Amino acid sequence: MGHHGKRSGSCLCGAVKIHIDFDKNDLGACHCNNCLTWSGGPLFELECGTEVVFQGEGHIETFSSSSWAERGFCKKCGSHLFIKDTRSQEYGIPPGLFNDETGLNFNRQIFIDNKPEFYSFSERTQDIDSSFIYDHYPETREE
């Protein structure tokens, strides 16, 4: 039974609230250097499209992490709120921010060849390496 896409949640301190109404439950993990450094591990992100509503926007700080993406975090508690593709305006949001995580499908890992050896996941996922990403999305190449 799938989730209907409506999810709400917040950062750790509650200063920023997030609401989505998006009927996609695809969850991925990114092992690129930027995500590993930002998150201290893989970045799990739920594809949320462009229709994301934030309350408490005054508490959101953004950081341009590459030529194509920005990352948002709460200025008050430091919670990672999103990665946003600045070209498509699509958000990837860590699933732990939402009050309800049911129905999510952990189905892909990107930059799998950059994944540290000290962890692995038991779920079967589509494992996408950096050469595929760079061939299909050359703007994502890290400098």
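Everything that follows concerns the structure shown earlier in this document.
Residues numbered from 1 in each chain as written. Predicted model: local features only at pLDDT ≥ 70, side-chain atom pairs only at ≥ 80, totals over all residues. Heavy atoms only, no water.

The phi dihedral of Gln 89 falls on the positive side, at around 65°, and the residue is not glycine. Structurally, Gln 89 is set in the loop between β8 (80-85) and β9 (91-93). Of note, the phi angle at Phe 111 is positive, near 55°, even though the residue is not glycine. Turning to its location among the elements, Phe 111 is positioned in the loop between β10 (105-110) and β11 (126-128). (Helix = DSSP H or I, 4+ residues; strand = E, 2+ residues; numbered from the N terminus.)

Attention shifts here to the pattern of salt bridges. Here the structure, examined in full by the defined rule, presents four salt bridges. For the salt bridge of Glu 47 with Arg 108, the shortest nitrogen-to-oxygen distance reads 3.1 Å. Residue Glu 47 is found in strand β4 (residues 43-49), and its partner Arg 108 is found in strand β10; the two are separated by 61 residues along the sequence. Classification of Glu 47 by relative accessible area gives partly exposed; the value is 23%. Residues joined in a network through salt bridges with shared partners are Glu 45, Glu 47 and Arg 108. (Salt bridge = Lys/Arg side-chain N within 4 Å of Asp/Glu carboxyl O. Buried < 20%, exposed > 50% of the residue type's maximum accessible area, 1.4 Å probe, protein only.)

This part is about the side chain of Arg 71. The topology assignment puts Arg 71 in strand β7 (residues 69-74). Within the structure, the side chain of Arg 71 is placed 3.0 Å from the side chain of Ser 65, a separation counted as a polar contact. Contact partners of Arg 71, with chain neighbours within four places excluded, come to Asn 34, Cys 35, Trp 38, Leu 43, Glu 61, Thr 62, Phe 63, Ser 65, Phe 82 and Ile 83. (Polar contact = N/O pair within 3.5 Å; in protein donor to acceptor, adjacent residues only side chain to side chain. Contact = heavy atoms within 4.5 Å.)

We now examine the nonpolar core. If you look at the biggest cluster of nonpolar residues, it comprises 20 residues, and the most contacted ones within it are Ile 18, Ile 20, Cys 48, Val 52, Phe 54, Leu 81 and Ile 93. Of all the secondary-structure elements, those providing two or more residues to this core are β2 (17-21), β3 (26-30), β4, β5 (52-55), β8 and β9. Formed by 13 residues, the second largest nonpolar core is a distinct cluster that contains Cys 30, Cys 35, Ile 128 and Tyr 134. (Core = buried A, V, L, I, M, F, W, Y, C linked by side-chain atoms within 4.5 Å.)

This paragraph deals with the sheet that holds β5. Spatial ordering of the open sheet is given by β1-β2-β5, a layout of three strands whose pairing is antiparallel. Looking at which strands have only one partner, the edges of the open sheet turn out to be β1 (6-10) and β5. The average undirected angle you get between the axes of adjacent strands in this sheet is 15°. Sheet topology places β2 next to β5; four bridges connect them, and they run antiparallel. Within β5, the position partnered with Ile 18 by the bridge is Phe 54. (Pairing = 2+ DSSP bridges. Axes fitted to C-alpha atoms, helices over the stretch in contact; angles between N-to-C directions.)

Let us look at the state of the cysteines. Tallying each qualifying case throughout the model produces zero disulfides. Between Cys 13, a cysteine without a disulfide, and Cys 11, which holds the nearest cysteine sulfur, the sulfur-to-sulfur distance is 3.7 Å. Cys 13 gets classed as partly exposed once you look at its relative accessible area, which sits at 35%. (Disulfide = S-S within 2.5 Å.)

Note that all results are geometric; they support no functional claim without further evidence.
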